Structure formats: C-alpha cells, structure tokens
There are 2 protein chains.
Amino acid sequence: MEKVDLLIKNAKFFNSYYKKFIESDISILDGKFYYIDYKKETEFESLETIDAEGKHLIPGLIDIHMHIESSMLTPEPFCNYIASRGVTTIVSEPHEIANVSGIDGVKEMIKAGEDAIIDVFYGIPSSVPSTDPRLETTGGKIDFEDMKELSKQKNVICVGEVMNYREVIRENDLDITKFIKYIKEKDPSYIIEGHCPSLVDLDLAKFLYLGIDGDHTEHTLEEIEQRFKNGMFVEIQEKMIREEIIAHIKENKLYEHMAFVTDDVMVDDLYNKGHLDNVIKKAIKADFPIEEAIYCSTYTPARRMNLRDRGVIAPGKIADFIILDDLEELEINRVFKDGNEIYNKEEKIIKKEKNYKFPEEYFNTIKLDQLVEEDFKIKVDSKLDSVKVRVMVVNDGTTHLQEQIVTLPVEDGIIQWENSPYLLATVFERYGVDGSVGYGFITGDGIKRGAVGSTWVHDHHNLLLVGSDIQTMIKVGNTIIDQQGGFVVGEKGSVLSNLPLPIGGIVTDRPIEEVSEKLNLIRDSLIQLGYDHYNPIMSVGTYGLVVSPHLKLTNKGLVHVGKGEIVDLIVE
Amino acid sequence: MEKVDLLIKNAKFFNSYYKKFIESDISILDGKFYYIDYKKETEFESLETIDAEGKHLIPGLIDIHMHIESSMLTPEPFCNYIASRGVTTIVSEPHEIANVSGIDGVKEMIKAGEDAIIDVFYGIPSSVPSTDPRLETTGGKIDFEDMKELSKQKNVICVGEVMNYREVIRENDLDITKFIKYIKEKDPSYIIEGHCPSLVDLDLAKFLYLGIDGDHTEHTLEEIEQRFKNGMFVEIQEKMIREEIIAHIKENKLYEHMAFVTDDVMVDDLYNKGHLDNVIKKAIKADFPIEEAIYCSTYTPARRMNLRDRGVIAPGKIADFIILDDLEELEINRVFKDGNEIYNKEEKIIKKEKNYKFPEEYFNTIKLDQLVEEDFKIKVDSKLDSVKVRVMVVNDGTTHLQEQIVTLPVEDGIIQWENSPYLLATVFERYGVDGSVGYGFITGDGIKRGAVGSTWVHDHHNLLLVGSDIQTMIKVGNTIIDQQGGFVVGEKGSVLSNLPLPIGGIVTDRPIEEVSEKLNLIRDSLIQLGYDHYNPIMSVGTYGLVVSPHLKLTNKGLVHVGKGEIVDLIVE
C-alpha cells in the first residue's frame, strides 16, 4: 500500500476547473496534494487521516494586493492572524517601510516575513517617494538600482503598485520608467501592478502601454469597464463591492480577469471582521456567486502572479486549504499550509510566533525636537485683518479631500484659527533631512475639536498633527516624538488614546489583540471628537497621500494632486 | 496631434475579455497596440491608415504544441507559410532533430528560426531518446546538462512533452526526473508539457504530481474529463475535435483550461488545408462557439506559456493580428506581426525567405552501406516448417498498432513472407552506432504490396523499410541511403514516388509547394498500394514510435510499449 502523509476522507472539495464541489478522498504527500480520489477506492497507508464528514474544503486564500504595514503589525503576528482567516499566501508591497528606511527597510521586512506561518511574496516598491521629492520628503527612496537589486531577491515576484500614474505616462526621467524598460526587456511577462484612480481613455491606454496592467483602486462603473475592456487585471477591494460593479462582472462573466484583495485593512477591522475572508463574505452577500468568489480569491490571484504551484486542489499543487464549518458564511474549522495544520477553531493558532526582532535603528526614526507653541503659529503681513486660505475638506465615504477657500481672521500678523471650524494641519519632516514644516487647514467630516497626530501617514510617514488648539497639538505631538512614533488623539491638553508604533514609526511587534484594542480606542476618540467617516483612521492616515485627489498636505506644504504641484496656503 | 505608426479605422475587433467583437479605431505604436479608441473620437497623425470597413480583426493565432520537423520543412519556409494562415507565434518542440543530432541540432534549429517572420519559441526536448536506449538507438540524446543549458537559451520557455510517462512516475534515475527537480526548485512555476495517452487515475495524478501539467494526446471522454478535473491544461488537436468532447467542454465551460494545437501536420495537409486555422475552423464547424475558438487559440495558449505580452488586442500588447474577410470561415485578408503586414491575400507573402543554410554535416547523417538481399532474410531453425510470429496490425483512425500472432511458412530455415498478407518491416540503425537491425511483420490497413521506406520515423529516425518483396525494399532503401534521407515508395523493384529529406534525414529546405506536391505523390502511391488510413504518412512515420501503443518496431526489435520491453519476433 502506498504511503502518504495525510488522507482526508469524505471532503466536498472545490474543484477550480469545473467550479463546483465534488466529494472525494484527498491525499497529501510532502506538502503537496497527491491524489484526488474521485472514485474513493484507493487505499493508502497514511500518517494521519481526517474524516471531513462531508464538510467543504477550499483552497487557501491568496491576497495579491496588500500592505502588511497598513495593519500596523510586523509580518509575523500579522501572518499568524490572517492564517486563522484562511489566508495562506500574500503578496505584500512594502512601500511604507521603504518610505521610512529605503531598500534596507524592505529587506528587513522580507527577512521578518521569511519564517512566517504562511507564504509571503513581495512587490518591488516602485514609487518611493510616491511623487516628486519637491512635493514630499521621505526617509528612504527606492531608485533604479534598488529596484534592480530587489527584483533578484527571493520571493519578490512583481513590481508593486506604480502610483505616480500621471507622471509615468508623460515624458519623464523617473527611475520607475527606466526600471520598467529594463525589466520588460529582460522578461516581457514580468508583472507590474498599477494604481490609477480616475485614469480613463487615452491616458489609461498609455499606462497600460507601459505594461502596467493591474489596478486595485476605487472606481465608477464606467472606469471599471474601461479597465476590464483594455486588459487590466482588476483587483476588487471591499469598498468596490457595489451592486452595479457586481452586476457588470456577472453579466459579462469577467471572473477570470479579477481577484479580491484587501489593500489596506485597519488592525481593528482585521481583528473584528477578518481579512480577505471578510471581503469574500461581503461579495457573496452582495450576490457574487459563491463558487466564483472562491475562484477569484484562490485561482485567479495565483494566476495573476504566475504562482502556478497553488490556488487549486489538484495533484502536485501546494496543499494549502481550508476546511469549512459553513460554506455560505465561510466559517473556518481548520486551515492547512503545505499539508500541515496551522489553525484549528478549537485550539486557535497552532504554530506560535517566533518574535522576529527588528534591529535597534528601526526604533529610532523620529528625528524631531520637542514641539513648542511657535511651531503652530502662521505668520502673515501684520497689516492684514483677514486672509483667504485653502482648506482641505474631509468627506465621509472617500479618502479624497476637496478644496475650499475660506476667510480666517488675522491678529498681529498671526492667523487666528484656534477653536474655529477650520483646524490647523501641520506636517513636520521627521527624518532629519531639512526640518521643513507644511501648513494647511482642514474641515468637514473630520474631528471638530481636540487634536490627532500620527507618523502613520501614507506615504511619507512624517509627523502629521491636526487640531483645534495649540496646547493639545503640542501634547499629542510630543507624546509621539517621545515614544518614536504612533497614533495619538488628545483633547484639552491631554492624551485621550495612544497607539505607539515604535518600529519605523509605522508598525509595532505587539500582539494583534493589544494593537487592535488600542486602535479601537483611537477610533472611539476620533468619533468622540466629531469624526464622521466610515474609516477615520485611514482618513487621517491619507491626509498626506499625494497620489490621491485632490488637496493634500506634506512637509512641503499643500499639494494640488491634479496639477502635481505645491500651492499656496494663502490665496490672497 | 500624437503620432502613431498605424491606425486601423472601423475594425470590429475581438475583445478577449468580454469575448465579443466591438467596433473601434485601433492605433499601433512601435509594434504594440497603443489605443483602442472605443469612442472613435481621438485623432492621430499616423504613418499609415487602414480603413477596415467593418471587417473582423482578431489576435494572431498562437500554437503552443507543435513540431516544425513534422512538416519536413526547415523553420523559415515553415513560418513563412503558417504566417499566411494567421499564425504569429509558435512554441515548437524540436525533439526530432534532437534525436538525430542532440543539443547541437536543437541549437541549430533555434538559430534557423531566429529571423523567422513570426515568433518561434521552443520547448526543451525532454525525452530524447523517447524511451530506454535498450529499446531504440538515436543519433543524439538530451541529458540533464543539455536540458540545463537549453533552459538558459533565449526563447526557450518550457519543457517540451515528457513522453516516457510510464517510466517517470515509477522509481527511476532518468535525466528528465533530475531536470524537473532542478527546474522546479529554481522556478516552481516553470511550465512542463506532457504526453500521456491513456494514463488515468492514480498514475495520472503521479504524473501531475511531478509538475507535468499539459497534455495534447488523443483521449476518450473519460480521460479528457480526468485531465480537466485534475488541473491538466488540455491541448486539443484536430483528431480530438469530436462531438462528445466538444459537448463536455461547452457544458462545463472549460475553455480557460484548454487551447487548440496542431502537434504534427503533414506538409501536404498544411499546404492544402492550413495550420492552426484549420483546426479552429473544424472546431467551429463542430459547434464550438466561435468566440471561444478564437479565445482558445490566442488568449489561453499565451497564458499557458506565460506569454503575457500577446494573444489579445489591448494597449501594450504585441500588435499581432489578422484582418478577416469572413469570420465563420476564418478567411484571411491580411496578417500583421509586430504591427507590420506579413501577409496580404492579394500579394501573398510579403516578407521573403532568407534561406538559412544548415551546415554541411546535417546533410550527411545516414551512415549505412548499400542494402543487399541478405538484409531481408530472417533465419530460423532449418528443421521447422513454420513459425508463429508477432505481427503489427495497422488500423485506420489511429497510429496505435495492435498485436496479432500468425503462422508463417519456413523453407530451408528462412521465413517465407514475400507476397503474403504479412509484409516484412525492418529498421536499420543509421547513425553508425552498432549497425543493428530490427525485424517485424506488419499487416492490416497499411500497404498490401510494394514497399515504403523512410528516415522520417518518430522518434529515433532510423531507416524504416516495409515491403512485400525484397527487390523493391532494396531499391527503396538504397534510394534513401543515396540521397541521405527521405520518404520513398516503390513497387516491382522501381521507385513510384520520392521525397528527399537531406537535412538530418528528416527535413528539407525546399519550398513548401514542392515538398507538399512530393509528399502528396507519396500519399497517392501508398493509397495505390492499398493503404487505407486517414493519414498514411503519419501512420508509417509512427511504426517505430515506442511511446505510442502497443507493438512497435525499432532497430532493437519489436517493442511491447505497455511492458516497455523488447519482445521476440518468433513466439514459438
């Protein structure tokens, strides 16, 4: 009798080719599926036998567009957690750490993920800094030579999202343009991911013409249709699960050309709702056919990334799979990676964290002196009574900020903004480069009083402070500086909630339970201060993201994203 | 106004994602599709403009499983011809030349195809010799180091069909087994093509478990279903276009997991009926949906081979396409490669042959002395009156040969076979290795009288002679030896028809018209001598193919394919 390592009897497994569940006996040998015994007649001598009792068995989930750093966790605790949600392979794009520490940071992330419980692949951060150094200052950059070096690293399988999409399609001498040329000459099939919200028609074609043919950003139906029609691989994140989008995909059977992804998931959402499993569940509830939902989170992402060794339950493929208690609800009973159990509902996570330690220098990246009152006073001509200023407007439902022009009073040459509906927003360059500070005002669906501060600010991760009074801003800011990074909310000169992020100022190696709880308190504080947004954390974290429309703030000042330039705070 | 190289107005082009025809203006820049102007509103300054007048435009056809040598042509004339049938990319597996000349022959083929009018990629010949050297003698072999070397060659993109499928799934020390281990460790997604007729159940799983997951051979419906279900990429050749197979594919929507291929096409069929276009036409006539047929000969083959730069009409993809006069009939008006016209119905082929010359040694590969009467006499015990012998039985509809036991008279210790229903079959080792000769008898739907001889004998390409009388066999054999290879038919001591194949004894650099005409005459002669088979040329050419069931003949003798061993000619 032939020997195998694991035999699963009576499983209703998902056959990705016929897109249906078929009852079979499944054997596993050396971490790979060996025989799918449809006839259930072959006997094996097995080290272990599981009677699946007719339970559904699906391939391990594969998330090909996400950023570990968005969770504020380091790779190991992050992977341990998402393993419990059935995710067995991810492709992470470490441009956050790259913005802090350049190629060394990226390599450190890769190292930190090497022994993770699941397989972690990486995309080459292609847009670090995300725009022009005139628009933002970062702690690290990834240049042509860095990209070349990274492309040769093990587990680096694609170019991560090319975000400066308006620039690359124009005449330019960007490093990413040079690198695309280099890598496509070497391998015309090399995978390049994009990021191109609202890009359409000829501009979209130009982006695709460069070989950048994946996009995961938010779109209208018309934009999504243009992407599918022009050969872009569409990555659907939670906020894209909308009725008209789902209907279009179903009507045109576009499943083959899309995958579900998570992109950025806040740690508390992660802990409370789940990871890719949550996206899929939402899709199923939105009437996305369940078989196609599984296919689009296992088979198609694997194919997109040319990971032909996984994503299906078939002989020779890596034995990553989930045994479900309930199919419709994706209720997970057990998760297997390489044929080994890594999660069991009863016993929780089986394989424990190894607690990879980041080197000391990653705990010392906030190079700022203590903040003082002067840092928050905006001086203008002392003869003026008032000034017209540009204000960023937060709107619920989006991370885009609109522009508004308002008049603010001036006293003794100082703009009087405290306790007005227009909060001061400041970004302090924190890498010890030039000590520059950018100023702006903000209103709308954000906080109405108190202050919020963070070094978790996409993509440059400088120190952002927003507040309605100087004393609270100083308190929040100095708390962050003292603890070398974090997300802090305060009111009336005191701290309301605090999540330290001491590694690079953007992540922590604390366990998910703790981080989730702290972030939840941050969220509560923000809401308590009047934040009215579906995702206040991400909203704050993208005030400085200059690849996202329309008016954003960096240490260099206010950035008009469409024009790609710094604009004056004071209009007249 | 932006400049482009070519602008096609009013084309009904095939959108591979929506699987439908959409009217658009299409511009091409630097050999790649630039903008698909669905709105038909963008103006370009174009070097050339074509008004397609509503004609259908489809991507250039891609054939991922074929052997140039099967056409008996060298790469250039072969490619020139198939370009006129809309084929713009092929993946050829040069195991024929490898059997004659080893790795040098393969490299010579690659060189000969480098400047071809279309793109020629290669699979690494993995089974040369196709079985054990105890079963056949070849002029060349491809060992582990050869495969390693070839895998690094430009345009080599996969392992070609692994043919010794019964051996590789057993404990073995084959070079191909070592190589698969090596290449899969280097790249788990490296593509490995298989050849596994009639392999099912656990044996099929074992083959897949090795990572060999493509198959193009002939199957029953049950076998095809097993392949699809277990994750094998199914390559459908002409003879597989059968009602029940098509129905199964349609019912289960398996299009994504299959492609149409040609495998071996005789030069006269090629010239008279076409290449991949002919397979597709046949599929369409067999009720395969036309959109899916195009998809399965452009999109899916490109994806199977990870050629992400082609197979679709979309921005950034290589501008290989066909303008059709008639969609249903696939009537070709013009063919473009890299945005340049390479065929036009009116002017025929536009780019002419370069006439690559093979080095002298390729014209001297038949190392045999003149044949004499003694070579055809089979001696047995002189006391016997008769012997029971194994006979190979040709059956129309297949290249498989059945086994039959018959009694033949003996006179003076010589088997009396001349002018009986049992023709003598001989294979002379022709590489100057050991001068061995294999003997057998043959009957059934082959020739009934006269003789046929060939050095185009898959896969070992030794000199095969089959005849009903010694004098004609000598005439045919010596004609082939004198001209250093070919396919010759004779009767009553004279040559009826002759196709010289002087390069390696298997191909010629003569133009397709001439080769086709000569092969046609060979076919006619075979039919005239009683051959009753849908493909007499391939039938003769596979008498010696020991990876195809059941009883075959090589220079080592009769091979029982199932057992994988030499069996005695004389049973008792």
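The structure displayed is predicted, hence computed values, not measured ones. (Residues numbered from 1 in each chain as written. Chains lettered and ligands numbered in written order. Predicted model: local features only at pLDDT ≥ 70, side-chain atom pairs only at ≥ 80, totals over all residues. Heavy atoms only, no water.)

Participant: In this structure, what is going on with the overall build of chain A? I would like to understand it.
Facilitator: Along the backbone of chain A there are 15 helices and 29 strands. Against the compact-globule benchmark of 25 Å for 572 residues, chain A has a radius of gyration of 25 Å, which places it among compact chains. By its C-alpha atoms, chain A is 95 × 50 × 45 Å across when sized along the principal axes. Residues counted as buried form 66% of the 572 residues belonging to chain A. (Helix = DSSP H or I, 4+ residues; strand = E, 2+ residues; numbered from the N terminus. Rg over C-alpha atoms; globule rule 2.2 N^0.38 Å. Buried < 20%, exposed > 50% of the residue type's maximum accessible area, 1.4 Å probe, protein only.)

Participant: How do you make sense of the interface of chain B and chain A when you look at a structure like this?
Facilitator: It is common to give the size of an interface as the accessible area that goes away when the parts come together. Listed by partner, the interface residues are 53 residues for chain B and 53 residues for chain A. For the pair chain B and chain A, the summed buried area comes to about 4500 Å², and 50% of that belongs to carbon and sulfur atoms. Our count for the chain B to chain A interface comes out at 8 salt bridges. Among the ionic pairs, Lys206(B) bridges to Glu2(A), the shortest N-O distance being 2.7 Å. (Contact = heavy atoms within 4.5 Å. Buried area = accessible area lost by both parts, 1.4 Å probe. Salt bridge = Lys/Arg side-chain N within 4 Å of Asp/Glu carboxyl O.)

Participant: Any chance you could explain the sheet that holds strand β27 (residues 551-554) of chain B here in plain terms?
Facilitator: Residues and elements named next belong to chain B. Spatially, β27-β28-β29 is the arrangement adopted by the 3 strands of the open sheet, whose pairing is antiparallel. The strands lining the two open edges of the sheet, one partner per strand, are β27 and β29 (565-567). Along the sheet, successive strands turn relative to each other by an average axial angle of 45°, direction set aside. Two elements, strand β28 (residues 557-560) and β29, share 3 bridges in a ladder whose sense is antiparallel. Within the sheet, the bridge partner assigned to valine 559 lies in β29 and is isoleucine 566. (Pairing = 2+ DSSP bridges. Axes fitted to C-alpha atoms, helices over the stretch in contact; angles between N-to-C directions.)

Participant: I would appreciate a short explanation of the sheet that holds strand β23 (residues 451-454) of chain A in the present structure.
Facilitator: Sheet strands pair via backbone hydrogen bonds, and the direction of the pair is either parallel or antiparallel. All names here are of chain A. Spatial strand order, β20-β19-β18-β22-β21-β24-β23-β25-β26: 9 strands in an open sheet with mixed pairing. Each of the sheet's edge strands pairs with one partner strand only, and the pair in question is β20 (414-415) and β26 (494-500). With 4 bridges connecting them, strand β18 (residues 386-394) and strand β22 (residues 437-444) associate as parallel partners. If you follow methionine 392 over to β22, its bridge partner there is isoleucine 442. The sheet strands contacting helix α14 (residues 512-528) are β23, β25 (486-491) and β26, and the helix crosses β26 at an angle near 145°.

Participant: Explain the nonpolar core here, please?
Facilitator: In summary, soluble globular proteins display a tendency toward joint burial of nonpolar side chains. With 325 residues, the main nonpolar core has Phe260(A), Phe441(A), Phe260(B) and Phe441(B) as its most contacted residues. Once residues within four sequence positions are removed from consideration, Phe260(B) is found in contact with Ile62(B), Asp63(B), Ile236(B), Ile241(B), Leu276(B), Val279(B), Ala283(B), Phe288(B), Ala293(B) and Cys296(B). (Core = buried A, V, L, I, M, F, W, Y, C linked by side-chain atoms within 4.5 Å.)

Participant: Looking at this structure, I do not really get the side chain of Ser189(A). What am I missing?
Facilitator: Considering the arrangement of structural elements, one finds Ser189(A) in the loop between α5 (175-186) and β10 (192-194). Classification of Ser189(A) by relative accessible area gives buried; the value is 7%. Among the polar contacts made by the side chain of Ser189(A), one reaches the main-chain amide nitrogen of Arg308(B) at a distance of 3.0 Å. (Polar contact = N/O pair within 3.5 Å; in protein donor to acceptor, adjacent residues only side chain to side chain.)

Participant: Could you clarify how one ought to interpret the relation of the copies chain B and chain A in this entry?
Facilitator: Two chain copies here: they are related by a rotation about an axis and a translation along the same axis. Once chain B is rotated about the relating axis by 180° and shifted along it by 0.0 Å, it coincides with chain A to within an RMSD of 0.1 Å. Given the turn and translation reported, the copies of this chain are related as if by a two-fold rotation axis. Residue Asn306(B) of chain B places its C-alpha closer to the rotation axis than any other residue of that unit, at 3.8 Å. Mapped onto chain A, 100% of the interface residues of chain B are again interface residues, and the two copies thus contact each other with one and the same surface. (Least-squares fit on C-alpha atoms with pLDDT ≥ 70 in both.)

Participant: When you look at α5(A) in this model, what are you seeing that I'm missing?
Facilitator: Residue and element names in this part refer to chain A. Here α5 contains 12 residues, and its C-alpha end-to-end distance of 17 Å stays within 8% of the 16 Å for a straight helix at 1.5 Å per residue. Taken together, the buried positions of α5 are Ile176, Phe179, Ile180 and Ile183. Axial view of α5: buried residues confined to an arc of 105°, hence all on one face. Looking at α5, the residues exposed on the side facing more than 90 degrees away from the buried face are Lys181 and Glu185. Elements that come into contact with the buried residues of α5 comprise β8 (119-124), α3 (144-151), β9 (156-162), α4 (165-168) and β10. (Expected span 1.5 Å × (residues − 1). Arc of directions from axis to C-beta.)

Participant: Before we go on, may I ask you to explain the packing of helix α2 (residues 95-113) of chain B against helix α3 (residues 144-151) of chain B in this structure?
Facilitator: Packed helix pairs are characterised by how far apart their axes lie and by the angle those axes make with each other. Residue and element names in this part refer to chain B. Running from N to C, α2 and α3 point in directions that differ by 15°, and their axes come no closer than 10 Å. Considering their axes alone, α2 and α3 lie roughly parallel with respect to each other. When you trace α2 past α3, the crossing you get is right-handed. Note on element contacts: α3 touches α2 through Asp146, Glu149 and Leu150, opposite Ile103, Val106 and Lys107. Considered class by class, the residues forming the contact of α2 with α3 number 3 nonpolar, no polar and 3 charged. (Parallel < 35°, antiparallel > 145°, perpendicular 65-115°, else oblique. Left-handed = near helix turned anticlockwise from the far one by under 90°. Nonpolar A, V, L, I, M, F, W, Y, C, P; charged D, E, K, R; others polar.)

Participant: Please explain the packing of aromatic side chains as it appears in this structure.
Facilitator: Two descriptors summarise a pair of aromatic rings, namely the distance from one centre to the other and the angle between the planes of the rings. Inspection of every chain in the model, using the stated rule, returns 39 aromatic pairs over all chains. Between Tyr34(B) and Phe44(B), the ring centres sit 6.1 Å apart and the planes meet at 70°, which makes this aromatic pair edge-to-face. Pair noted here: Tyr34(B) is in strand β3 (residues 32-37) and Phe44(B) is in the loop between β3 and β4 (45-51), with a separation of 10 residues, a long-range link. The pair formed by Tyr34(B) and Phe44(B) is uniform in burial state, with each residue classed as buried. Taking the centre distance of 6.4 Å and the plane angle of 65° together, the rings of Phe144(B) and Phe179(B) count as edge-to-face. Here Phe144(B) is found in helix α3, whereas its partner Phe179(B) is found in helix α5 (residues 175-186), with 35 residues between them in sequence. The pair Phe144(B) / Phe179(B) is uniform in exposure class, with both members buried. Every member of this aromatic cluster is reached through a ring pair, and the members are Tyr34(A), Tyr35(A), Phe44(A) and Tyr209(B). It is Lys32(B) that lies over the ring of Tyr209(A); its NZ or CZ is 4.6 Å from the centre. Over the aromatic face of Tyr38(A) sits the side chain of Lys229(B), whose NZ or CZ is 5.3 Å from the ring centroid. (Phe/Tyr/Trp six-rings, centres within 6.5 Å; stacked < 30°, edge-to-face > 60°. Lys NZ or Arg CZ within 6 Å of the ring centre and 35° of its normal.)

Participant: How do you make sense of the layout of surface pockets when you look at a structure like this?
Facilitator: It is a probe the size of a water molecule, rolled over the atoms, that shows where empty space is left. Computed from the structure, the largest pocket encloses a volume of approximately 1900 Å³. Along its surface, the largest pocket is lined by 48 residues, and Lys186(A), Asp187(A), Ser189(A), Asp187(B) and Asn306(B) are the ones closest to its centre. Those elements that place two or more of their residues in the lining of the largest pocket are β9 and α5 of chain A together with α2, β8 (119-124), β9 (156-162) and α5 of chain B. If you tally residues by element for the lining of the largest pocket, the top one is β8(B), at 4 residues. A class-by-class count of the residues in the lining of the largest pocket yields 23 nonpolar, 11 polar and 14 charged. Taken as a whole, the second largest pocket encloses approximately 1200 Å³ of empty space. In terms of lining, the second largest pocket is formed by 45 residues, of which the most central are Asp30(A), Lys32(A), Lys184(B), Glu185(B) and Pro188(B). For the lining of the second largest pocket, the secondary structure elements donating two or more residues are β3 (32-37), α2 (95-113) and β8 of chain A together with α5 and α6 (201-209) of chain B. For the lining of the second largest pocket, the leading source of residues is α5(B), giving 5 residues. Partitioned by chemical class, the residues of the lining of the second largest pocket number 18 nonpolar, 9 polar and 18 charged. (1 Å grid on protein atoms, 1.4 Å probe; cavity = no way out; pocket = protein on both sides within 12 Å on 5 of 7 lines; lining within 4 Å. Points joined across faces, edges and corners; volume = space filled by probe spheres on them.)

Participant: Got a minute to help me understand the pattern of salt bridges in this structure?
Facilitator: Side-chain pairs of opposite charge can arise where the charged atoms are in close proximity. Within the structure shown, the criterion is met by 82 salt bridges over all chains. With its nearest N and O atoms 2.8 Å apart, the salt bridge here joins Asp215(B) to Arg227(B). Highlighted residues: Asp215(B) in strand β11 (residues 214-215) and Arg227(B) in helix α7 (residues 221-229), separated in sequence by 12 residues. The same class applies to Asp215(B) as to Arg227(B), namely buried. Here Glu373(B) makes a salt bridge to Lys377(B), at a shortest N to O gap of 3.7 Å. Glu373(B) gets classed as partly exposed once you look at its relative accessible area, which sits at 37%. Taken together, the salt bridges that share partners define one network made up of Asp119(A), Asp309(A), Arg310(A), Asp320(A), Lys337(A) and Asp338(A).

Participant: Would you mind going over helix α1 (residues 75-83) of chain B with me for this structure?
Facilitator: Counting along an α-helix, one turn takes 3.6 residues, and residues three or four places apart therefore face a common direction. Most of α1(B) sits inside the fold, with 9 of its 9 residues counted as buried. Pro75(B), Glu76(B), Pro77(B), Phe78(B), Cys79(B), Asn80(B), Tyr81(B), Ile82(B) and Ala83(B) are the residues of α1(B) that are buried.

Participant: Even after reading the chapter, I still don't get empty space enclosed by the protein, so can you show me in this structure?
Facilitator: Per the stated rule, a full pass over the model turns up 11 cavities of 30 Å³ or more. The wall of the largest cavity is formed by 35 residues, among which Glu256(A), Tyr299(A), Arg303(A), Glu256(B) and Arg303(B) lie closest to the centre. Looking at the lining of the largest cavity, the elements with two or more residues in it are α12 (299-304) of chain A together with α12 (299-304) of chain B. Residue composition of the lining of the largest cavity, grouped by class: 15 nonpolar, 6 polar and 14 charged.

Participant: Please explain the pairing of strand β7 (residues 87-92) of chain B as it appears in this structure.
Facilitator: Where a strand is regular, its side chains alternate between the two sheet faces. All names here are of chain B. With 6 of its 6 residues buried, β7 lies for the most part within the structure. Here strand β6 (residues 61-66) runs beside β7; their pairing, made up of 4 bridges, is parallel. Note on β7: the bridge partner recorded for isoleucine 62 is threonine 89. In this fold, the crossover linking β6 to β7 by way of α1 has right-handed handedness. Bridge count between β7 and β8: 4 bridges; the pairing is parallel. The residue bridging isoleucine 90 from the neighbouring strand is valine 120, located in β8. (Right-handed = clockwise from strand over helix to strand, strands pointing away.)

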